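Observations on the model geometry
Below are the chains, spelled out letter by letter.
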Amino acid sequence: MHPRNRYRNVPDFIALAESYEPLRPYVTDSRIDFKDAEAQRRLTEAIMFRDFGITLHIPLNRLCPPIPNRLNYVLWIQDIVHAHSSVLKSHPQAVRGIDIGTGASAIYPFLICKTEPGWKMVATEIDEESHSFAQKNISGNDMQSQITLSKASASGRILFPLEDNVRFEFSMCNPPFYGSAQEVADLAKEKELPPNAICTGADIEMIYPDGGEAGFVGRMVEESEQFLTQCKWYTSMLGKMSSVLAIIELLRKRTITNYAITEFVQGQTRRWAVAWSFSDTHLPDSIARISSIPPSHALYPVLPPRNTLTQPFPGCMPARLYEALAETLRTIEADGVLATEVAPRAGSHHPSFFIEAQANTWSRSARRSRRPRAEMQLQPDSHTGNTVASAGKTNPSLTCSARVIIQETDAGSPTAATSTCSVEFQWIYGKERALFESFVSHVNRKIAPKLK
Ligand code: SAH
């Protein structure tokens, strides 16, 4: 589960039923019968009522969203949108998101808008009945100013809200899972169905005849190529690992290299989500890669390249390493790279550095072939809002951050546990990965002799 998911522990159903009367008949001996479709609905409604202030009505013939699982995806979306807020010193304003196939409960828009009151959502739905329920749930909770519902059509684009020329920060989707009714029956036999899927989902919710979830998300990938950065992060849930592999293969084939994969584990169930972007903004590995999977795992080879690079300096004290890093950055600064200190993040003693560079001025070949540089001026950068040194109005070619971190390394026995000081570089913005990597290795090379 996501570390910020407040439903990591099984809720106290008795307490929950006390705040939501309709749940009471379904709580026996502090338990709920999860096979009972009515009980599932009252539970989801109770959580939405008590914890999010939403009065929800979920019809019996449509999917009932389990909140802990839906919240995982919402928290990951928040991670993506806020990824660089602490170093950029700005929180994204007026964030707009799209939820594709919102369902009768409009669950994602509700969870998003209640946890991020400044955000706005456009929700789409193709099924008449789910659409009509979603509309009633939205207006019944007076959320029309934050959530707009749009009817999708089978002949139109899945990502049709992007046709209106409005910019969105993200799109999200929990796609129809199956390719056919036969697949539903086969998986039911093998008991590989996602929890509570089969019992109540209507065909339109569950089945996408052109290849199930991989087909649906694949179509979104193709459509996203027409809209490019009009939506910064396209994302989707996926229920099968084979779909994750298929989507990443498709992204790579289309040279969409800026992508992320995450995994949500809840009890026996595993789900994944993918994100891709045509922007030059890069996500930290903690968001874009699954840290827990070993190199032997099927997903390991398709994880995106690392955007967080860590150089350990064993035996070095944090204060010393920080000084060496600061001094190194000061000398490069004279060379057209601007490094500014940012107040320490929670859990860290030393400031981070926010670094912007117009071009590679640090490599030997760059220094040898140096031509007289254009006049440097300080001006606000349109991308980050920060002040950058630049010769002209272009965005910096490289934006990254660097900070000293202390990593606990456990060498197997509790007595051998030690900590190592490292410099962690985070790629934030830029087209060229090679530029980021060259900067990192240059700084690391300059730090080492200063520690002798
Ligand atoms: N978001 C909800 C429902 C997911 S089920 C939840 O997580 O609980 C998938 C939903 O996508 C269904 O409601 C289905 O009707 C809808 N859907 C299927 N094809 C669609 C399309 N082309 N455009 C919009 N919605 C679609």
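Numbering of residues starts from 1 in every chain and runs along the sequence as written. Confidence filtering applies because this is a predicted model: local features only for residues at pLDDT of at least 70, side-chain atom pairs given and counted only at 80 or more, and all residues used for totals across whole chains, interfaces and linings. Only hydrogens and water are set aside when side-chain values are computed; all heavy atoms of the structure are taken into account.

Naming follows an unreviewed UniProt entry, where the chain appears as U6 small nuclear RNA (adenine-(43)-N(6))-methyltransferase of Hypholoma sublateritium. UniProt positions are given in the numbering used here, feature names are shortened, and annotations may be inferred rather than shown by experiment. Listed under Sequence similarities (unreviewed entry) in UniProt, the entry text for the chain is "Belongs to the methyltransferase superfamily. METTL16/RlmF family."

Numbering of helices and strands starts at the N terminus; helices are DSSP runs of H or I of at least 4 residues and strands are runs of E of at least 2. A tally of regular secondary structure across the chain gives 14 helices and 16 strands. Going through the 452 residues of the chain one by one, you find that 52% of them count as buried. Relative to all contacts within the chain whose residues are 6 or more apart in sequence, the contacts with residues 24 or more apart total 70%. Only the protein chains shown count as covering a residue, and every accessible area follows the Shrake-Rupley method with a 1.4 Å probe. Summing over all exposed atoms, the chain offers an accessible surface of approximately 21400 Å²; the carbon and sulfur share of this is 52%. When accessible area is computed with a 1.4 Å probe and restricted to protein chains, residues below 20% of their type maximum are described as buried, those above 50% as exposed, and intermediate ones as partly exposed. Note on contacts: a residue pair is in contact if any heavy atoms of the two residues lie within 4.5 Å.

Between helix 3 (residues 67–81) and helix 5 (residues 107–115), the shortest axis-to-axis distance is 10 Å and the interhelical angle comes to 55 degrees. Overall, the two elements helix 3 and helix 5 adopt an arrangement that is oblique. Regarding helix 3 and helix 5, the two cross each other, and that crossing is right-handed. On the side of helix 3, the interface is formed by I67, R70, L71, Y73, V74, I77 and Q78, while helix 5 contributes I107, Y108, L111, I112 and T115. Under the convention adopted here, Pro, Cys and the residues Ala, Val, Leu, Ile, Met, Phe, Trp and Tyr are nonpolar, Asp, Glu, Lys and Arg are charged, and Gly plus all remaining residues are polar. Along the lines of polarity and charge, the residues of the contact of helix 3 with helix 5 split into 9 nonpolar, 2 polar and 1 charged. Only the stretch in contact is used when a helix axis is fitted, and all axes are lines through C-alpha atoms; the angle between N-to-C directions ranges over 0 to 180 degrees. These descriptions rest on fixed angle ranges, namely under 35 degrees for roughly parallel, over 145 for roughly antiparallel, 65 to 115 for roughly perpendicular, and the rest for oblique. Crossing handedness: left-handed means the near helix sits turned counterclockwise from the far one by under a right angle, and right-handed means the same turn made clockwise.

Take the packing of helix 9 (residues 212–227) against helix 10 (residues 241–253) next. Two numbers describe how helix 9 lies on helix 10: the axes approach to 9 Å, and their chain directions differ by 20 degrees. The angle between helix 9 and helix 10 falls in the class roughly parallel. The two elements helix 9 and helix 10 meet at a crossing, and its hand is right-handed. Along the contact surface, helix 9 presents E213, A214, V217, G218 and V221, while helix 10 presents S243, I247, L250 and L251. Looking at the contact of helix 9 with helix 10 residue by residue, the class counts come to 6 nonpolar, 2 polar and 1 charged.

Turning next to helix 2 (residues 37–52). With 16 residues, helix 2 extends 22 Å between its outermost C-alpha atoms, agreeing within 8% with the 22 Å of an ideal straight helix rising 1.5 Å per residue. Among the 16 residues that make up helix 2, 13 are buried, leaving the element largely enclosed by the rest of the structure. Any pair of N or O atoms that falls within 3.5 Å is considered a polar contact. Within protein, one atom must be able to donate a hydrogen and the other to accept it, and sequence-neighbouring residues count only if both atoms are side-chain atoms. Residue D36 occupies the N-cap position of helix 2, its side-chain oxygen lying 2.9 Å from the main-chain nitrogen of E38. In the stretch just after helix 2, G53 is the one whose phi turns positive, near 65 degrees. By this rule, a helix spans an expected 1.5 Å times one less than how many residues it contains.

What follows concerns the site of the ligand. Taken together, 17 residues lie around the ligand, and R70, G101, T102, E125 and N174 are the ones closest in. In the model, a nitrogen atom of the ligand is placed 2.8 Å from a nitrogen or oxygen of the G101 main chain. At 3.3 Å from a nitrogen atom of the ligand is found a main-chain nitrogen or oxygen belonging to T102. Against a free-state accessible area of 570 Å², the protein chains account for coverage of 96% of the ligand. Elements represented by at least two residues in the shell around the ligand include exactly strand 4 (120–125) and helix 8 (203–206). For the shell around the ligand, the per-class residue count stands at 8 nonpolar, 5 polar and 4 charged. One heavy atom suffices: a residue is near a molecule or strand as soon as one of its heavy atoms comes within 4 Å of it.

Put simply, a salt bridge is a Lys or Arg side-chain nitrogen that is within 4 Å of an Asp or Glu carboxyl oxygen. Applying the stated criterion across every chain, the model contains 19 salt bridges. R254 is the salt-bridge partner of E225, the closest N and O atoms lying 2.2 Å from each other. Linking E225 in helix 9 with R254 in the loop between helix 10 and strand 8 (259–266), this pair joins segments that are 29 residues apart in sequence. Close ionic contact of E437 with R433 constitutes a salt bridge, the shortest N to O distance being 3.9 Å. Taken together, the residues span about one helical turn, with E437 and R433 both in helix 14 (residues 433–450) at a distance of 4 residues. Note on E437: relative accessible area 37%, which makes it partly exposed. Taken together, the shared-partner salt bridges in this structure form one network comprising E38, R42 and E45.

The next point concerns the side chain of D79. By the secondary structure assignment, D79 is in helix 3. Among the residues examined, D79 registers a relative accessible area of 17% and is labelled buried. In terms of polar contacts, D79 uses its side chain to reach the side chain of R4, at 2.9 Å. Setting aside residues up to four positions removed in sequence, D79 forms contacts with H2, R4 and I287.

We now examine the sheet that holds strand 8. The strand order 5-4-3-6-7-9-8 describes an open sheet built from 7 strands, whose pairing is mixed. Sheet topology places strand 5 (147–151) and strand 8 at the edges, where each strand pairs with a single neighbour. Mean inter-strand twist for the sheet, computed between neighbouring axes without regard to direction, equals 20 degrees. Pairing of strand 3 (residues 96–100) with strand 4, which is carried by 5 bridges, proceeds in the parallel orientation. For two strands to be treated as a pair, DSSP must find at least two bridges joining them.

Further remarks concern the pairing of strand 3. By the criterion of burial, strand 3 is predominantly enclosed, with 4 of the 5 residues buried. Between the parallel pair strand 3 and strand 4, the chain is carried across by helix 5, and the sense of this crossover is right-handed. Sheet topology note: the strand 3/strand 6 (residues 168–173) ladder contains 4 bridges and is parallel. From the neighbouring strand, G97 faces strand 6, where its bridge partner is F170. If the strands point away from the viewer and the path from the first strand over the helix to the second runs clockwise, then the crossover is right-handed.

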